[in-house]
Amino acid sequence: MSGAVAPRRLAIPAYFTPGPFWSQLDAAAGAVGIAIVNPGNGPGGDLLSPYVAQIRQSRARGIAVIGYVDTNYADRPIGDVCSDIAAYAARCALDGIFLDQVSINRADIPYYAEITTIIKAESAAAMAVLNPGVPPPEAFMAFADIVVTFENTYDVYRAAYAAARWMRRYPPERFWHLIYGAPTVKAMRRAITLNKRRRARWLYVTPDTLPNPWATLPIDPYWSEERVALGASR
């Protein structure tokens with residue numbers, strides 16, 4: 001049995017319409033492992049239509065495409081969340097669901113466990129990805145395939161990143177880091193170096209900033225250098 005560690009790959013919130021940025025993403029399919037599709041803070045009704053062909057194309061390139069669903073920190077009714085999941089399933093084939101604005105309160109664990117059961121009911125192979133943006137209680141690992149344990153600025157990642165001790169018990173492919181506001185190629189490379197020590201297989205670094213750092217992709221040389229840095233630090 002091989003003890004090889006799976007290489008790290010880019011996992012990107014692709015919160016932009018089909019067009020040049022999706023073409024740029026598809027062209028980097030060797031480095032990009034996951035893309036989140038988000039037509040309108042969720043499937044967005046008719047807004048999903050232009051994405052159907054793009055989702056099919058990206059998946060054919062070997063990129064796992066997962067659909068964005070907001071949970072509003074467990075305040076959103078489960079029925080509404082499930083309606084979004086069903087809306088994606090009715091229109092297109094996806095590789096899973098990305099649950100955003102995830103609460104880390106222990107009292108909300110049953111809420112997320114129920115939703116992930118529904119995701120798996122659509123397809124046993126579907127990924128359930130949860131984004132609290134910080135380490136949640138370890139109990140989340142019983143039902144989440146991947147957890148985003150960091151979503152914040154490069155400055156925070158560099159100076160104030162905090163992992164939970166329990167995370168050492170799980171392989172890197174269970175974790176994802178999203179780092180924005182890394183303004184230069186040097187900063188991006190530093191973030192990728194730090195990420196290797198911090199054991200998250202999935203990551204994305206962008207120079208973009210709030211209010212929506214996921215609305216574009218970096219231009220060259222940043223974009224090309226990010227893929228080079230990712231491969232060089234495996």
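Here the structure is a predicted model, which means the values were calculated and not measured.

Basis of the calculations
- Residues numbered from 1 in each chain as written.
- Predicted model: local features only at pLDDT ≥ 70, side-chain atom pairs only at ≥ 80, totals over all residues.
- Heavy atoms only, no water.
- Helix = DSSP H or I, 4+ residues; strand = E, 2+ residues; numbered from the N terminus.
- Salt bridge = Lys/Arg side-chain N within 4 Å of Asp/Glu carboxyl O.
- Buried < 20%, exposed > 50% of the residue type's maximum accessible area, 1.4 Å probe, protein only.
- Pairing = 2+ DSSP bridges.
- Right-handed = clockwise from strand over helix to strand, strands pointing away.
- Polar contact = N/O pair within 3.5 Å; in protein donor to acceptor, adjacent residues only side chain to side chain.
- Contact = heavy atoms within 4.5 Å.
- Lys, Arg positive; Asp, Glu negative; His and termini not counted.
- Axes fitted to C-alpha atoms, helices over the stretch in contact; angles between N-to-C directions.

S.K.: Is there a simple way to think about unusual backbone geometry in this case?
M.R.: The phi torsion of most residues other than glycine is negative, and most of the peptide bonds are trans. Pro 211 follows Leu 210 through a cis peptide bond whose omega is 15 degrees. Turning to its location among the elements, Pro 211 is positioned in the loop between β8 (202–205) and α7 (222–232). Residue Pro 221 follows Asp 220 across a cis peptide bond; omega there is 10 degrees. Counting through the fold element by element, Pro 221 comes out in the loop between β8 and α7.

S.K.: Looking at this structure, how should I read the pattern of salt bridges?
M.R.: Pairs can form between side chains of opposite charge whenever their charged atoms are close. Per the stated rule, a full pass over the model turns up 6 salt bridges. The salt bridge partner of Arg 76 is Asp 84, with a shortest N-O separation of 2.9 Å. Ionic pairing is found between Arg 169 and Glu 138, a salt bridge with its closest N-O pair at 2.6 Å. A residue pair is termed long-range when its members are at least 10 positions apart, and Arg 169 in the loop between α5 (154–160) and β7 (175–180) and Glu 138 in the loop between β5 (127–130) and β6 (146–153) qualify at 31 residues. With a relative accessible area of 57%, Arg 169 lands in the exposed category.

S.K.: Before we go on, may I ask you to explain the pairing of β8 in this structure?
M.R.: For a regular strand, side-chain orientation follows a simple rule: the groups alternate between the two sheet faces. Alternating residues of β8 divide into Trp 202 and Tyr 204 and Leu 203 and Val 205, and every residue in both groups is buried. Two elements, strand β1 (residues 9–14) and β8, share 2 bridges in a ladder whose sense is parallel. The residue bridging Arg 9 from the neighbouring strand is Trp 202, located in β8. Bridge count for β7 against β8 is 4 bridges, and the pairing is parallel. When the bridges of β8 are listed, His 177 appears paired with Leu 203. Read from β7 through helix α6 (residues 185–198) to β8, the crossover connection turns out right-handed.

S.K.: Quick question: what am I supposed to make of the side chain of Asn 38 here?
M.R.: For Asn 38, the location among the structural elements is in the loop between β2 (32–37) and α2 (51–60). Its relative accessible area of 12% is what places Asn 38 among the buried residues. At 3.0 Å, the side chain of Asn 38 forms a polar contact with the backbone nitrogen of Asn 41. Not counting residues up to four positions away in its chain, the partners in contact with Asn 38 are Ala 14, Tyr 15, Tyr 51, Tyr 68 and Tyr 88.

S.K.: What is the right way to look at the side chain of Asp 26 in this model?
M.R.: Inspection of the secondary structure assignment puts Asp 26 in helix α1 (residues 20–27). Arg 61 provides the closest opposite charge to the buried, unpaired Asp 26, separated from it by 5.3 Å. Here the side chain of Asp 26 touches Gln 57 through a polar contact of 2.9 Å, side chain to side chain.

S.K.: It is not clear to me how the sheet that holds β2 should be interpreted in this structure. Could you clarify?
M.R.: Two modes of strand pairing occur in sheets, parallel and antiparallel, and in both the strands are linked by backbone hydrogen bonds. A barrel is described by the order of its strands in space; here 8 strands give the closed sequence β1-β2-β3-β4-β5-β6-β7-β8, paired in parallel fashion. Sheet twist, expressed as the average angle between the axes of neighbouring strands with direction ignored, equals 25 degrees. Relative to β6, β5 is paired through 2 bridges, and the arrangement is parallel. In the sheet register, Leu 130 faces β6, and the bridge partner there is Val 147. α6 rests against β7 and β8 of the sheet, and its axis sits at about 160 degrees to β8.

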